[in-house]
Amino acid sequence: MATTKLLSDAEAEQIPAVKAVFDDIRATRKSDFVNNFWRGLANDPAALKRVWEQLKAVMVADSAIDPLTKEMIYIAVSTANGCSYCIHSHTAAARAKGMTDAQHGELVSIIGLAGQTNHLVTAMQIPVDPQFEVK
């Protein structure tokens, strides 16, 4: 159960700043669907706009990293942070961008391995090799 109200389309229509962001979400994604994250964030129209603009700048804008890789990175970070909602949301987005079952399986293996080795190196307090440091 959500800890905040999820604004309906009718409620969003009554708040011009929220309506504008919801309209942009729909236009950017070429879909009528506005997911619950944005509906919850819409309780704070300024935060809604700020986070949506950040997301577009990082996840939607042309960049050196392709859209599928961005989604897979988002899945990995969301897994590390324990965000079930984001794991589901960005897995769906990655699949929509062409992620195969084989790629998902490899991604999960990499996430698991990274978690294991991160914990081991942290527990052993291994110093960083000088060759890995930026000079």
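Details of the structure are given in the entry above.
*Asks:* I keep staring at the environment of R26 and nothing clicks. Help me out?
*Replies:* Position of R26 relative to the elements: it lies in helix α2 (residues 16-29). Assessed through its relative accessible area of 16%, R26 is described here as buried. A C-alpha to C-alpha distance of 48 Å links R26 and I126, two positions 100 residues apart in sequence. The contact partners of R26, leaving out residues within four places of it in the chain, are D9, S31, D32, V34 and R39.

*Asks:* Looking at this structure, I do not really get unusual backbone geometry. What am I missing?
*Replies:* Most peptide bonds take the trans form, and the phi angle of most residues other than glycine is negative. In the Ramachandran plot, K30 falls in the positive-phi region, its phi being about 55° despite a non-glycine side chain. Relative to the elements of secondary structure, K30 occurs in the loop between α2 and α3 (36-41). On the basis of relative accessibility, which here comes to 75%, the residue K30 falls in the exposed class. Look at Q125: it is not a glycine, yet its phi comes out positive at around 50°. The topology assignment puts Q125 in the segment after α7 (101-124). Judged by relative accessible area, Q125 falls into the exposed class, the value being 62%.

Conventions we followed
Residues numbered from 1 in each chain as written. Predicted model: local features only at pLDDT ≥ 70, side-chain atom pairs only at ≥ 80, totals over all residues. Heavy atoms only, no water. Helix = DSSP H or I, 4+ residues; strand = E, 2+ residues; numbered from the N terminus. Buried < 20%, exposed > 50% of the residue type's maximum accessible area, 1.4 Å probe, protein only. Contact = heavy atoms within 4.5 Å.

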